[in-house]
Amino acid sequence: MGLAKANEMLLLNQKVTAIEAMERNLVTRIFPLSEFDQKVNEVVQYMAGLPPQSLLVSKKLIRDVNRKELEKVNEQEHKLLLERALSEETFQALNGFFLKKQQSKL
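Residues numbered from 1 in each chain as written. Predicted model: local features only at pLDDT ≥ 70, side-chain atom pairs only at ≥ 80, totals over all residues. Heavy atoms only, no water.

Engineer: How should I be thinking about the overall build of the chain in this particular structure?
Structural biologist: Assigned secondary structure in the chain consists of 6 helices and 0 strands. For the chain, the C-alpha radius of gyration of 21 Å lies well beyond 13 Å, the compact-globule estimate for 106 residues. Considered along the principal axes of its C-alpha atoms, the chain spans approximately 60 × 40 × 25 Å. Looking at the chain as a whole, 4% of its 106 residues are labelled buried. About 10100 Å² of surface is accessible on the chain, with carbon and sulfur atoms providing 60% of the total. Separation between the mean location of the 16 positive side-chain charges and that of the 14 negative ones in the chain comes to 3 Å. (Helix = DSSP H or I, 4+ residues; strand = E, 2+ residues; numbered from the N terminus. Rg over C-alpha atoms; globule rule 2.2 N^0.38 Å. Buried < 20%, exposed > 50% of the residue type's maximum accessible area, 1.4 Å probe, protein only. Areas by Shrake-Rupley, 256 points an atom, 1.4 Å probe, with all protein chains shown as cover. Lys, Arg positive; Asp, Glu negative; His and termini not counted. Charge placed at Lys NZ, Arg CZ, Asp CG, Glu CD.)

Engineer: What is the right way to read the pattern of salt bridges from this model?
Structural biologist: A side chain of one charge can pair with a side chain of the opposite charge if their charged atoms are brought near each other. This model, assessed by the stated rule, comprises 4 salt bridges. Here Lys-5 and Glu-8 are joined by a salt bridge, their closest N and O atoms 3.5 Å apart. Remark: Glu-8 and Lys-5 occur in helix H1 (residues 3-11); sequence separation between them is 3 residues, near one turn of the helix. A relative accessible area of 39% places Lys-5 in the partly exposed class. In this structure Glu-8 comes out as partly exposed when scored by relative accessible area, which is 28%. (Salt bridge = Lys/Arg side-chain N within 4 Å of Asp/Glu carboxyl O.)

Engineer: So what exactly am I meant to see when it comes to the environment of Ala-6 here?
Structural biologist: You can see Ala-6 is positioned in helix H1. Take Ala-6: its relative accessible area is 24%, and that puts it in the partly exposed class. It is 9.2 Å that separates the C-alpha atoms of Ala-6 and Arg-24, two residues lying 18 residues apart in sequence.

What follows is the structure, encoded as structure tokens:
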């Protein structure tokens, strides 16, 4: 998924359909709801037949490629989210939310 689509999703809080998620490489497969349990079970059964240690090593290799960068970004996100949570803007937004909620009960 490109930067523009990622920004659009995150900044505008857009939900995506299963097809859009697949087109944006957020998921690898989609199944009709009526077949979902059966299809997932087939995938699970297939994976259960694979060598477990080989799967673990492969998964580690795939994830470790960007691990340090992801940890750095996660740390930065945590810091910024904490700053936002403690900001006056957040206080005002929460205060307005609870005032509206309280007024709707009256």
